[in-house]
2 protein chains.
Amino acid sequence: MKIDAARFLKDLHDLRAIGAAGVGKGVVRPAYSEADIEGRAWIAGRMRAAGLRVEMDAMGNLFGLADGPSILMGSHSDSQPEGGWLDGALGVIAALEVARAAQEAGGPAVSVVSFQDEEGRFGVTTGSAVWSGQLDQDAADALEDDAGVPLGEARKAMGDMVTGPVDPSQFTGYIELHIEQGPTLDDSGEQIGVVSDIVGIRDMKVTFKGQQNHAGTTPMQVRKDAFQAVSEFNTLLNDRLRNVVTPTTVWTIGHVSLHPNASSIVPGKAVFSMQWRDGDSDRLARMEEIIRETADEVAKSRGMELSYSTMLGLEPVAMDARLRDALAQGADVVAPGKWRKMPSGALHDATNVARLMPVAMLFVPSINGISHAFEEDTGEDDLVAGVKVLAEAVAAL
Amino acid sequence: MKIDAARFLKDLHDLRAIGAAGVGKGVVRPAYSEADIEGRAWIAGRMRAAGLRVEMDAMGNLFGLADGPSILMGSHSDSQPEGGWLDGALGVIAALEVARAAQEAGGPAVSVVSFQDEEGRFGVTTGSAVWSGQLDQDAADALEDDAGVPLGEARKAMGDMVTGPVDPSQFTGYIELHIEQGPTLDDSGEQIGVVSDIVGIRDMKVTFKGQQNHAGTTPMQVRKDAFQAVSEFNTLLNDRLRNVVTPTTVWTIGHVSLHPNASSIVPGKAVFSMQWRDGDSDRLARMEEIIRETADEVAKSRGMELSYSTMLGLEPVAMDARLRDALAQGADVVAPGKWRKMPSGALHDATNVARLMPVAMLFVPSINGISHAFEEDTGEDDLVAGVKVLAEAVAAL
């Protein structure tokens, strides 16, 4: 099977012109916007030209179907409000090129998908969440964007393209090519990342309640300073997690809210976010133990009240071994010595699709790790290398 | 000289009834409010009954003047929006009682003052700031309260009580009795604090600018996390200041603002307040050096930008040795073994008055260290002890 690099790159640049931001290669193509609908109509035309049968479900997920059982490939063509040209679009156009190359080579059967609202105008990966049964259509329709528009209203704009439900049982697996959106491959000079798993997330709010006091008249030794509690917790935690984590584990305190948050008042209360991500459920659980033990210890030693919000938990999704191995073998052919196995720290449509079938993912580098911004870019040789690895893998399945 | 404890306490409770909050002993008597004006009119009546000549300057600072050179004593009778019955009022009524007792004893001459807006409806200790020449009347008049009312408008409400400027040169010194507003005396079971100095303050905002990033795709080792910088700075600073400070030095990070302050984003920017207070200018300067060195070190090691706001500096005010010694001797007589020398961590009118004449201050305990709240209270035996120390000191001068 031989991919046509020029045809692939021309399609990618043609799609970029739809909703072009006019700043660098940026695009503005949020879910259900005019540009998004125009983009999906254009993709549907390219699917038909490639001999695929075009179908769209009620959410606006767009499929180009091969006959009989097939492997599904793709990503999404909606963008962030200020997005790059590759986030999602790369996976869709790469899938289209592999489908064409496979047809030209006499097989195997490759279908193509562009999921809707991966970028979360209305929620988190809502298109693939509905298709995979994670989210009811009714519940999805009630979701509103930042301007208060319900998804149920917004999706009417592409109602005349809808054909009906698309049966997942026709697909033998799902492979998604995506830009890394982080700096790892760009820093190491590698071309390809074969994803081992999409990491799980734990996220909660933690509250220390101490005693609000006058910052002039309250001696240090009697203070119950909630910011000091957060800082001590953070310092202890960083130290204790080192023994448990891997180089790809991440943890973040991204939100801190002090009360009353005034320079002359010892803070009586601190609410902060504690988020951690890892590909292994057991490690996530061990980290949770350490987090709760450490917060408890700090609260006790400082005479403070400690409370937690409900914890949000998304389980890690391991990539299917057979599909992943096929991608790894393809990477060995296309980019020998210039690829690695790595987890995906971000969520993708593949997380939802994994409920239905075996899934795997492939990354190409993001220059300077930048994404969700007009500056997002990847070298064209890396883009082509990604498509070639997909083709090698599909041919070998 | 013999003070009349019952007369003193009755006056204190009578003043409390003016603007009584209806919650415990709380009062609501903010500067220029109806209750404040009624309170000042009532105090003026008590001054006249004590044979003092009543004068009020344009700001609403109320004086009860003895003939000839005199020692000035007092505090303020305006309250916080939700205030206690003793903050300010105690110093005014105690001064009135000492003036009466001194007259009954045939001397010395004691004048009484209630400064206006000590609680800062319009600024910081604005009444004594204007009287001491720290602040122009015109500049003061332009100050607005939280509702946008200019001081120049508000003070018209007591215009018919104004007699004109009050010459500071008639006073030989100023002594202010105040509640501690902190827990030190209450915790130690002592009755009296002889103030050594009103501490100086340094206050500024510090900004660490790092790199905002995705909390899932950005590995720990490449992050430039602004919250981590604040936390490390705080931890290092606490350790380094220990070698420089005294048990009464305080330092506070009371305000922290992260950007964009979201749980899934590595914070790219942190602005926080750094405030420190001490009675010694050299120590304040040494602390500043350590603060700037530590912030600089953290910024360098993490590859971050560091910037500072303009630093607010109020110099420490040492109490006059002669007045302070007189108070200490009085404390030895009234509360032997149950008093201490201590700094004032809060600002008081005495800070401004120190520009004009020798000043000294005396503290009585605050139960549980609570002030600026309806629950504010002090045992009546401690209140009386405070007045007795004033009387002893004045008699000895």
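Bear in mind that the values here come from a model prediction, so they are computed numbers and not experimental data. (Residues numbered from 1 in each chain as written. Chains lettered and ligands numbered in written order. Predicted model: local features only at pLDDT ≥ 70, side-chain atom pairs only at ≥ 80, totals over all residues. Heavy atoms only, no water.)

*Asks:* Can you help me understand the packing of helix α1 (residues 5–16) of chain A against helix α12 (residues 380–396) of chain A in this one?
*Replies:* To describe two helices that pack against each other, one gives the angle between their axes and the distance between the axes. All names here are of chain A. Running from amino to carboxyl end, α1 crosses α12 at an angle of 115°, the nearest separation of the two axes being 11 Å. Compared by their axis directions, α1 and α12 come out roughly perpendicular. Seen along the crossing, α1 lies across α12 with a hand that is right-handed. Judged by residue contacts, Ala5, Phe8, Leu9, Leu12 and His13 of α1 engage Glu380, Leu383, Val384 and Val387 from α12. Residue composition of the contact of α1 with α12, grouped by class: seven nonpolar, one polar and one charged. (Axes fitted to C-alpha atoms, helices over the stretch in contact; angles between N-to-C directions. Helix = DSSP H or I, 4+ residues; strand = E, 2+ residues; numbered from the N terminus. Parallel < 35°, antiparallel > 145°, perpendicular 65-115°, else oblique. Left-handed = near helix turned anticlockwise from the far one by under 90°. Contact = heavy atoms within 4.5 Å. Nonpolar A, V, L, I, M, F, W, Y, C, P; charged D, E, K, R; others polar.)

*Asks:* Quick question: what am I supposed to make of the domain arrangement of chain A here?
*Replies:* The accessible area lost on association of the parts is a frequent measure of interface size. Residue and element names in this part refer to chain A. For chain A, the assigned domains are domain 1 (5–199 + 316–396) and domain 2 (200–314). Computed over C-alpha atoms only, the centres of domain 1 and domain 2 are separated by 37 Å. Each partner contributes residues to the interface: domain 1 has eight residues there, and domain 2 has 10 residues. Taken together, the two surfaces of domain 1 and domain 2 that pack against each other cover about 600 Å², and 66% of this comes from carbon and sulfur. The interface formed by domain 1 and domain 2 includes zero salt bridges. The tally of links from domain 1 across to domain 2 stands at one residue pair in polar contact (both at pLDDT 80 or more). Considering only residue class, the side of domain 1 that touches domain 2 consists of six nonpolar, one polar and one charged. (Domains from an automatic or database assignment. Buried area = accessible area lost by both parts, 1.4 Å probe. Salt bridge = Lys/Arg side-chain N within 4 Å of Asp/Glu carboxyl O. Polar contact = N/O pair within 3.5 Å; in protein donor to acceptor, adjacent residues only side chain to side chain.)

*Asks:* What exactly am I supposed to notice about the UniProt feature "domain: Peptidase M20 dimerisation" (unreviewed entry) in chain A here?
*Replies:* Following the UniProt record, the feature "domain: Peptidase M20 dimerisation" (unreviewed entry) maps to residues 200–300 of chain A here. This span, residues 200–300 of chain A, is 36% helix and 31% strand, and a straight line between its end C-alpha atoms measures 30 Å. (UniProt positions renumbered as here; feature names shortened; annotations may be inferred.)

*Asks:* What exactly am I supposed to notice about the relation of the copies chain B and chain A here?
*Replies:* The relation between the two chain copies is a rotation about an axis coupled with a shift along that axis. Once turned by 180° and shifted 0.1 Å along the axis, chain B lies on chain A with an RMSD of 0.1 Å. Taken together, these values place the two copies in the relation of a two-fold axis. For chain B, the smallest separation between a C-alpha atom and the rotation axis is recorded for Ser231(B), amounting to 2.5 Å. Taken together, the interface assignments show that 100% of the residues at the interface of chain B recur at the interface of chain A, consistent with an identical surface on both copies. (Least-squares fit on C-alpha atoms with pLDDT ≥ 70 in both.)

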